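# Commentary on secondary and tertiary structure
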Number of protein chains: 2
Amino acid sequence: MNDTFLKACRGEKVDYTPVWLMRQAGRYLPEYQAVRSGVDFLTLCKTPELAATVTLQPVDILGVDAAILFSDILVLVEAMGMRLEFSEKKGPQLSEPIRNRSLAERLAVPDPEDDLSYVLETIRILRGRLNVPLIGFSGAPFTLATYMIEGEGSKSFVNTKKMMFSSPALFAYLMDKITDSVISYLKAQIMAGAQAVQIFDSWAGVLSPEDYRLFAVPYVKRAVAELKNEGVPVIYFVNGCAGILKDIRKSGADVIGIDWRVDIGEAIKKLGKKFSVQGNLDPTALFLPEEKLRERVGDILSKAEAARGHIFNLGHGILPETPVEGAKALVRAVHELSSP
Amino acid sequence: MNDTFLKACRGEKVDYTPVWLMRQAGRYLPEYQAVRSGVDFLTLCKTPELAATVTLQPVDILGVDAAILFSDILVLVEAMGMRLEFSEKKGPQLSEPIRNRSLAERLAVPDPEDDLSYVLETIRILRGRLNVPLIGFSGAPFTLATYMIEGEGSKSFVNTKKMMFSSPALFAYLMDKITDSVISYLKAQIMAGAQAVQIFDSWAGVLSPEDYRLFAVPYVKRAVAELKNEGVPVIYFVNGCAGILKDIRKSGADVIGIDWRVDIGEAIKKLGKKFSVQGNLDPTALFLPEEKLRERVGDILSKAEAARGHIFNLGHGILPETPVEGAKALVRAVHELSSP
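Here the structure is a predicted model, which means the values were calculated and not measured. (Residues numbered from 1 in each chain as written. Chains lettered and ligands numbered in written order. Predicted model: local features only at pLDDT ≥ 70, side-chain atom pairs only at ≥ 80, totals over all residues.)

Our next topic: the overall build of chain A. Counting secondary structure elements, chain A contains 17 helices and nine strands. Taking 20 Å as the expected radius of gyration for a compact globule of 340 residues, we find that chain A reaches 19 Å, a close match to that expectation. Relative to its full complement of 340 residues, chain A shows a buried share of 56%. (Helix = DSSP H or I, 4+ residues; strand = E, 2+ residues; numbered from the N terminus. Rg over C-alpha atoms; globule rule 2.2 N^0.38 Å. Buried ≥ 20, exposed ≤ 12 C-beta atoms within 10 Å, placed from the backbone.)

Next up, the structure:
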């Protein structure tokens, strides 16, 4: 069992820097496309044998040091009672977006063993087949709330912010319910065998620092505090973290994920010594010639030496257009350049 | 003539903090909608009398301290030789995106007096009718390049980054040509009567700090240096500036525009005393109850006292859904709270 990833999460000494890639099980891999060609996206998420298969692919093909459960953050929202569809063109679509109290009251805090059993089953299958740690995950409360309130992806998140600003009590009610759901979902993933969990705050970066402090990080903090007793590292990733790094510390997570639009050295200075960090290569850097890619990997590795621990990753999900050779070259570069 | 805005740009003493709003001539105003209902967007940009009319509307309705030319950053790209259309659904569409040398070579550096005469005519009309300063503008070279290379808006800017990374000489050739075009365009706007110019780098915030230093800011720096001789303030706005503020200083602009995802006090600390700043209220804060809005305005005003000069603005363009009353309340709040 390769536990380098878990050691780095806890800030323990490692022989080399572990690496995995956000969305490493995904469309850039022909092997993934082959599985996906037979089923729609949501069916893939809900079929444990298939979800396990695509989770394992990047571990075998790239040689990464951790696997991340193949799933989608919105299956939890579906389990809370909203109808979810994925449209090829428009992305995720949730019917009856939550814009008033009665819709919010109708939402349930799911029982993962019943309502998300396919996720837990996927985890159980994977633990029998993996020789690297398995990361479970959930969307962060704010990010899930944006989808639930907007009903789909958004650019300006007007409906979310209108609710935050005009109906703060309703927003808090919704966020509390989501937070309870996130906690029970992640606890169930850990019980089923997840050896670390990542909380994805894909959209918290659209908040001003003040709004992040008021409306997003307190809920993450509560979730992290509840998960601390479970004994596995918690990773917290905010896409667009540069302006709120000081506030992100309040999450209390073990590992802070850093996107690519900030210098990782500066980010570590702001975070201080209490956290391990994860990141932060620009996903498009995988289009670079290998030699230039290695320079950038080396730069990040050397800056990240200042942190308590470092897990190498991209600063956001790997893009579908990425050449597999680029992803392989990255993993190779991280392992070679970080070995003594 | 109210020259409070120009004084604040230059860091001179002012009686109150001037305010204008990015996209203040826009869809949130019924008076704009009335004009726009008769013509398509591009025709509105190209009809000086109409463009002047909508430019004046927010000055009269909101009482802002500066007007900004009504136009679009992509008319310059059209003048360089690309075919431009605006689709209600898909936004701007440029045919034959620039992906190789021969397409890049076909582009011209336009002569604004010939190719963009409608913009200059709009400026001349406005100078006869305004009692506040008129701001001209252009897209920044990197931002214009993204549209020219992608052919439309983008999320991940894969084609742009592929060119940057795989064909740096071609990218530099294209950027040089765009920069020449931006310089001659802004000089012509100033000659026609623009009393300040803003360079919009809407997409430079998708670059890693290293790539921003390599591929974006050097071109802005050259443009600003050339414009310095024209004797009007240059404002430089990067949307998503939090991670690159130190590098933005290299632009040499007089005023740095700050988006809402960073604390303006922290931004000023990083920028230092050489710049005035512009910003940075979250555009969605205009949905707040007036009393809460005033608190946020007061907070920004007090933090911005640390800067050489401050022009109040939103941290990004005003949203179409914004209540006009919110915009009026903002202008009132800035003027009242900043007056001794």
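Within the largest apolar cluster, 250 residues are counted, with the highest numbers of intra-cluster contacts made by Ile135, Val197 and Val277 of chain A together with Ile135, Val197, Tyr236 and Val277 of chain B. For Ile135 of chain A, the residues in contact, after removing those within four places along its chain, are Ala66, Ala67, Ile68, Leu69, Ala194, Ala196, Val197 and Gln198 of chain A. (Core = buried A, V, L, I, M, F, W, Y, C linked by C-beta atoms within 7 Å. Contact = placed C-beta atoms within 7 Å.)

All names here are of chain B. Judged by pairing direction, the sheet is parallel, and its seven strands sit side by side in the order β1-β4-β5-β6-β7-β8-β9 without closing on themselves. This sheet does not close on itself; its edge strands, each paired only once, are β1 (67-68) and β9 (310-314). With three bridges connecting them, strand β6 (residues 234-238) and strand β7 (residues 255-257) associate as parallel partners. Along β7, the bridge assignment pairs Ile235 with Val255. Here helix α16 (residues 290-304) sits on the sheet and contacts β8 (276-281) and β9; the angle it forms with β8, its principal contact strand, is near 160°. (Pairing = 2+ DSSP bridges. Axes fitted to C-alpha atoms, helices over the stretch in contact; angles between N-to-C directions.)

Taken together, the 22 residues of chain B in the interface contact 23 residues of chain A. It is helix α10 (residues 158-166) of chain B that provides the largest number of residues to the side of chain B that touches chain A, a total of five residues. Residues that form the side of chain B that touches chain A fall into these classes: nine nonpolar, seven polar and six charged. (Nonpolar A, V, L, I, M, F, W, Y, C, P; charged D, E, K, R; others polar.)

The next thing to look at is the environment of Lys270 of chain B. Residues and elements named next belong to chain B. Relative to the helices and strands, Lys270 is located in helix α15 (residues 264-271). Considered as a pair, Lys270 and Ile248 are 22 residues apart in the sequence and their alpha carbons are 9.9 Å apart. Discounting chain neighbours no more than four positions away, the residues touching Lys270 are Leu245 and Lys246.

All names here are of chain A. Buried residues dominate strand β5 (residues 196-201), accounting for six of its six residues. Relative to strand β6 (residues 234-238), β5 runs parallel, the two sharing five bridges. Opposite Val197, over in β6, you have Val234 as the bridge partner.

Residue and element names in this part refer to chain A. Strand order in the open sheet formed by seven strands is β1-β4-β5-β6-β7-β8-β9, and the pairing between neighbours is parallel. Each end of this open sheet is capped by a strand with a single partner; those strands are β1 (67-68) and β9 (310-314). Sheet topology note: the β1/strand β4 (residues 134-139) ladder contains two bridges and is parallel. Residue pairing in the sheet places Ala67 in a bridge with Leu134 of β4. Set on the sheet, helix α15 (residues 264-271) makes contact with β7 (255-257) and β8 (276-281); between it and β8 the angle comes to about 155°.

In this section: the relation of the copies chain B and chain A. For these two chains of identical sequence, chain B goes onto chain A by a turn of 180° and a shift of 0.0 Å along the axis, with RMSD 0.0 Å. Here the two chains are linked by the operation of a two-fold rotation axis. Closest approach to the rotation axis within chain B is made by the C-alpha atom of Ala242 of chain B, at a distance of 2.7 Å. A share of 100% of interface residues in chain B that are also interface residues in chain A marks the association as one of identical surfaces. (Least-squares fit on C-alpha atoms with pLDDT ≥ 70 in both.)

Before going further, it helps to examine helix α9 (residues 141-150) of chain B. Residues and elements named next belong to chain B. Extensive coverage of α9 is indicated by the burial of 10 of its 10 residues. By the burial criterion, the buried members of α9 are Pro141, Phe142, Thr143, Leu144, Ala145, Thr146, Tyr147, Met148, Ile149 and Glu150. Where α9 ends, the next residue or the one after it, Gly151, has phi of about 85°, a positive value.

This next bit is on the packing of helix α16 (residues 290-304) of chain A against helix α17 (residues 324-338) of chain A. Residues and elements named next belong to chain A. Two elements in contact, α16 and α17, have axes separated by 9 Å at closest approach and are oriented at 50°. The angle between α16 and α17 places the two elements in the oblique class. As α16 packs across α17, the resulting crossing turns out to be right-handed. From α16, Glu290, Leu293, Arg294, Val297, Gly298 and Leu301 reach across to α17, where they touch Ala329, Leu330, Ala333, Val334, Leu337 and Ser338. For the contact of α16 with α17, the class distribution of residues is eight nonpolar, two polar and two charged. (Parallel < 35°, antiparallel > 145°, perpendicular 65-115°, else oblique. Left-handed = near helix turned anticlockwise from the far one by under 90°.)

Here chain A shows a mean pLDDT of 97. Residues at 70 or above account for 100%. For this predicted complex, the interface confidence comes out at an ipTM of 0.94, alongside a pTM of 0.96. (pLDDT = per-residue confidence, 0-100.)

Bridging between strand β2 (residues 84-87) of chain A and strand β3 (residues 91-94) of chain A involves four bridges; their strand directions are antiparallel. Directly across from Glu85 of chain A, in β3 of chain A, lies its bridge partner Gln93 of chain A.

This next bit is on the packing of α15 of chain A against α16 of chain A. Residue and element names in this part refer to chain A. Between α15 and α16, the least distance of the axes is 8 Å, while the angle of their chain directions is 20°. What the angle tells us is that α15 and α16 run roughly parallel. Like other packed secondary-structure pairs, α15 and α16 cross with a definite hand, here right-handed. Seen from α15, the contacting residues are Ile264, Gly265 and Ile268; seen from α16, they are Ile300, Lys303 and Ala304.

We now examine the environment of Lys328 of chain A. Residue and element names in this part refer to chain A. Assignment of secondary structure puts Lys328 in helix α17. Since 15 C-beta atoms lie within 10 Å of it, Lys328 is described here as partly exposed. In the structure, Lys328 is positioned 264 residues away from Val64 in sequence and 9.1 Å away in space, judged by C-alpha atoms.

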